[in-house]
Structure formats: C-alpha cells, structure tokens
Amino acid sequence: MKTVGARQVWAVEEITAALGRRLEGIPSVWVEAEVQNLRQRGGQVYFTLRDSHQIEASMRTVLFERLAVRPEDGSLVQAYGRVEFWADRAQISMRIERMELAGEGLLLAQIEATKGRLARDGLLGDTRKRTLPLLPRRIGLITSAVGAARNDVLNNLWARFPADVVLADVPVQGEGAPRAIVRALARLNALPEVDVIIVARGGGALEDLMAFNDEQVCRAVAGSRAPVVSAVGHERDVTLCDLVADRRVSTPTGAAEVVIVDRGSLEAQLIAAQRGLVRGLARARESSARRVDQRTQAVIAALRAVEARSESRVSAAQSRLAPALRRRADAAALRVPVAGDRVERAVRARAATLERQLVGSAALLAALSPARTVARGYAIVRAPADDRPVVSAAGLHKGDVVELEMRDGRVDATVEGVRR
Amino acid sequence: MTDDTRPVSFEQALARLDEVVARLEGGEVGLEEAVALFEQGQGYLATCRERLARAQQRIEELTGGSDAEFGTVADDPF
C-alpha cells in the first residue's frame, strides 16, 4: 500500500492476499450440485458444480477414475472438498476429494452395488428359484394394511380361491420399512402351513421403492423358508426384491394368479381325473375280457387243430385198417365151417348130459314135494290168516280156525283143545 | 408305481392322481393292477377334495411382537 496525496493505493497482490487470508479456515464440506462441462487436462479432471449458482471444481484424475460410479455431465452429485483460492487470478474453485452420485443416480448406483453383492453370493440366479405350490395351505401377505395393494391382492386371490391368508402389516416405504419387512418375513416363516409369501406394494417413485432394493430385505427374501412372490410396483419398476424372489409379478393384481390355482379349473381337473379313473378301469376290464376271449379262441383253435390231426390219423388208420381187417376176416371165414362141426357135436353131447341130469333131479324133487306127502295121507295145517303152515302146537289156542290141506281138497277146522 | 404312502401335500396327491389316470388310460395294465390303480386314484382324489374343502377364506393379522420395531407407518401413496 502506498499513499498518494490523500489516497491509499493498494496493489492487486495485496488485495488477493487479504482475500486469501479471509478464506483460510473454511473446512472441507459436502456439496450437492449438478456436474457440468467435465473435461480432463493434465492430471486433473475439471468440471463445474452448479445449482442456481456455480463454482469451478477439480479432482485428481487418479481419484476420479477410482469412483464407483463416474458422474457425467448432468449428473447430480454429492462432492466433498475444500474451497481453494487462486490468488494470482483471484479465482475460487473447489478441490474435490470424494464424489458420489446423488438423487436418483445415487439410488441407482446403490442398487447396482447391492445387485453386484447379491449376484456374487449367487442370489440372483434362476436356478435357485423354487416352484410355487399349487394350493398353499396358508398365504402370507406382507404389505401395508392401508395400501391399495392389500385389497388388490386379497380380492384377486379370493376371486380364484377361498384361500386362508395371514397378513403382516408393514410400512412399505420410509426408513423403518426394510427392517419391518425383514421381521415380517421371519415371523411368517415361523408360522405353520404358510406355504407361500407375497410381498406387495403399489407403484411409486424410485425412492419410494427403495425398501425393496434394500440388501437386508433381499437377503431375507432369498433365505425365506416359504417361496416368495414379489409384487412390487408397476410393470416398469423392477426392484432387487423382484430379482431374488422365487417369482416376480408386475403388479399386485398378478400375484393371485401365480399364488393359487383357480378353484373352478381345479374342480374341473378333479372331475376329469375321476372320469379318467373310471374310464381307465372300464378299459382295463374290457381289454382283460378281450384277452380272455382271445385266449379262449386260441385254446379252441388249438383243440380243433389237435382234433383235426387226430381225425386225419384215424382216417389214415382206418384206411390201413380196413384191408387188414378184411384179410383177417377172409382167413377166419375159411376156418369157420371146420370149427362149426366140432362145436356142434360138443354142444349136443353136453345138452344130452344136462337132460339126463335134469330128469334125475325132477324125480328127486317130486319125492321131496309136500304134494307127494299129502298124497300119502298126511295133511298140511295152515292158519288162514297168513296161509303159512302151522308147524307147532304152541301157536294154537282153543277156538282158532285152521285149514287142513288134503290130497283132494281143503277142510276148515276149529281147534277144540291144545295138548302139549 | 410309487408306494402307497399317503402323500402329504396337495401337489403330490394331484401329481400322483395324474400319474395314475395316465397309467390307467394308457391301457396295457392288467385288470388287477387297474383295480389297484383305481383305488389309489380314489384315495388321491379324496385327499385333493379334502384340501379344497378346508379353505375358508380366513384372514388373520400378524399382531403382537413389538410393533415399534416395524417403525413408524409411512404414508402410503394410495
């Protein structure tokens, strides 16, 4: 500084030095702004940080290249650094040491990072996805009790099937949401018969859906005992929860369709099965009867074949037999007359002997006959009641009527007395 | 054919039912086997129908535990 007349005159250097001293001591801060005019020169990356105002900034290229996500022109970032003052030109800029995407970019970057970890642990593969049961005994539903998703899911479920549901009411966005969802998963998994769990939320902005991109939520979904259906957001919203879940549906409405079979079509299927059983049994019975028939036919055919063979053998035998028999008969015929004479003589001799014996026997018989006895003066006494001879006095009593057979007639008599 | 142990899940019963129907309808089973399959099928059908009859459209809310752990209920956009 010099004094010229009444005036104090300063050098620029003095002014900038004074400004520099005033700016000393401003600590490093986080600043959120949009990155613009990114360019690299030398070992530095230069850019403008801008909101309604702007400030030039720089970052060492080696640091910039190590950023998890490198901002581009237009990226919203949060940058950490200190204010630098370039005295020779009286320029102020920021020396940035750390920089992260902010806003949606930050969220997307976070999601990417989480996705990378989940993928590394093998939680995103299709191979680990489980098949959902056709007919869960109970359905766990994790959603907000006051959200539209709840009624959406329930109404669509019940339109298909009168399913039994266990509802876990959780906040679906905000700071407490991830923890509440993790806890609800654990509690539902601890309940018996909960065969599937639906995690549901309506659509929303990216930051509203962040609970479903939360790493702990994703790990809990992946580790769930019961298969999990993720019904979060609308068609265009894909969350990490969708990726780790066993099944993703684009809307809560779609959840019902994958979670439970339609009652009507199931009943139709059972009726069809019942008919199939009856039809199958009938067919087996018919085919069995047919096989028996076929076998019977085969046996009959076989028997006929045997019979036919026998007949042909018999007729062959007959044709051989007939001449043989005829020859035998002819030979026999020659011998018959010779034999006949001998036989006749023998028979006659025998007959004569028999006749003689017969005459002798007849004489003997005649001698023994009662008639001959009666002819000699004896009488046969009979009881007229039975016409048998009375051979003992013991059977007779005074007054009994008897019949006496004499040589020339019969006499009725009455017993006068019995002496013994 | 799988064994006769009663299937525990509806899905198993339905799958075995389909299997039995397919075998029966495929023909080439003897009458005795057909009768056995038919009876098994009836059993699976009964299991399925029993399960159908059990569902009663009940809704139960998970309560208790420490609701505080659920955090504050956020505004739901709906």
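Structural data are supplied above this passage.
One structure accompanies this document, and this report is about it. Going along each chain's sequence as written, the residues are numbered from 1 onward. Here chains are named by letter from A upward and ligands by number from 1 upward, in the order in which they appear as written. With the structure being a predicted model, the display of local features is reserved for residues of pLDDT at least 70 and the display and counting of side-chain atom pairs for 80 or more, all residues being used for whole-chain, interface and lining totals.

**Let's talk about the sheet that holds strand β5 (residues 54–60) of chain A**
All names here are of chain A. A pair of strands is considered paired only if DSSP assigns at least 2 bridges between the two. In this description a helix means any DSSP run of H or I spanning at least four residues, a strand means any run of E spanning at least two, and both kinds are numbered starting from the N terminus. Taken together, five strands build a closed barrel; the order of strands is β3-β4-β5-β7-β6 and the barrel is mixed. Averaged over all adjacent pairs, the angle separating strand axes in this sheet is 50°, with direction ignored. It is the C-beta atoms, placed from the backbone, that decide contacts: two residues are in contact if theirs lie within 7 Å. In this analysis, axes come from line fits to C-alpha atoms, helices being fitted only over the stretch in contact, and the angle between any two N-to-C directions falls in the range 0 to 180 degrees. Relative to the sheet, helix α3 (residues 103–120) contacts β6 (76–86) and β7 (91–101), its axis offset from that of β7 by approximately 40°.

**Quick notes on unusual backbone geometry**
Phi is positive for Ala90(A), close to 55°, though the residue is something other than glycine. Tracing the backbone through its elements, the reader meets Ala90(A) in the loop between β6 and β7.

**Things to note about the sheet that holds strand β8 (residues 138–143) of chain A**
What holds strands together in a sheet is hydrogen bonding between their backbones, with the strands either parallel or antiparallel. Here six strands make up an open sheet; going across it, the order is β12(A)-β11(A)-β10(A)-β8(A)-β9(A)-β1(B) and the pairing parallel. Looking at the sheet topology across the chains shown, the edges are occupied by β12 (247–248) of chain A together with β1 (59–61) of chain B. Direction of pairing for strand β10 (residues 194–201) of chain A relative to strand β11 (residues 228–232) of chain A: parallel, over a ladder of five bridges. Along β11(A), the bridge assignment pairs Ile198(A) with Val229(A).

**Quick notes on the nonpolar core**
Here a nonpolar core is just a set of buried residues of the types Ala, Val, Leu, Ile, Met, Phe, Trp, Tyr and Cys, joined wherever their C-beta atoms sit within 7 Å. Remark: C-beta atoms are placed from the backbone, and a residue is labelled buried if 20 or more other C-beta atoms sit within 10 Å of its own, exposed if 12 or fewer do, or partly exposed between those counts. Within the largest apolar cluster, 71 residues are counted, with the highest numbers of intra-cluster contacts made by Ile142(A), Ile181(A), Ile198(A) and Val199(A). When residues of this core are assigned to domains, at least three map to each of domain 2 (122–261) and domain 3 (262–310) of chain A. Residue ranges assigned to each domain were obtained from an automatic or database domain assignment.

**Notes on the interface of chain B and chain A**
How big an interface is tends to be stated in terms of the accessible area lost upon association of its parts. Each side of the interface is counted separately: chain B has 40 residues, and chain A has 47 residues. At the level of secondary structure, the elements contributing two or more residues to the side of chain B that touches chain A comprise α1 (10–25), α2 (31–54) and β1 of chain B. Ranked by the residues each element gives to the side of chain B that touches chain A, the list is headed by α2(B), at eleven residues. Residues are grouped as follows: Ala, Val, Leu, Ile, Met, Phe, Trp, Tyr, Cys and Pro are nonpolar; Asp, Glu, Lys and Arg are charged; all remaining types, including Gly, are polar. Counted by class, the side of chain B that touches chain A contains 21 nonpolar, nine polar and ten charged residues. Pairing of strand β9 (residues 165–169) of chain A with β1(B) involves three bridges; the strand directions are parallel. Among the inter-strand pairings, Val165(A) is bridged to a residue of β1(B), identified as Ile59(B).

**With respect to the pairing of strand β13 (residues 380–383) of chain A**
Residues and elements named next belong to chain A. Two strands pair when backbone bridges link them, and β13 and strand β15 (residues 401–406) are joined in this way by three bridges, in the antiparallel orientation. Among the inter-strand pairings, Val381 is bridged to a residue of β15, identified as Leu404. With two bridges joining them, β13 and strand β14 (residues 388–389) adopt antiparallel strand pairing. Each residue of the ladder has a partner; that of Ala383, found in β14, is Arg388. Turn length for the β13-β14 hairpin, with the two strands adjacent in sequence and antiparallel, is four residues, and the turn residue Asp387 shows positive phi of about 65°.

**Regarding helix α5 (residues 177–190) of chain A**
Residue and element names in this part refer to chain A. If you check α5, its first and last C-alpha atoms are 20 Å apart, about what 14 residues at 1.5 Å a residue would give, namely 20 Å. For α5, the full list of buried residues reads Ala177, Pro178, Ala180, Ile181, Val182, Arg183, Ala184, Leu185 and Leu188. Of the surrounding elements, those touching the buried residues of α5 are β8, β9, β10 and α6 (215–222). Here the expected span of a helix is defined as 1.5 Å times the quantity of residues minus one.

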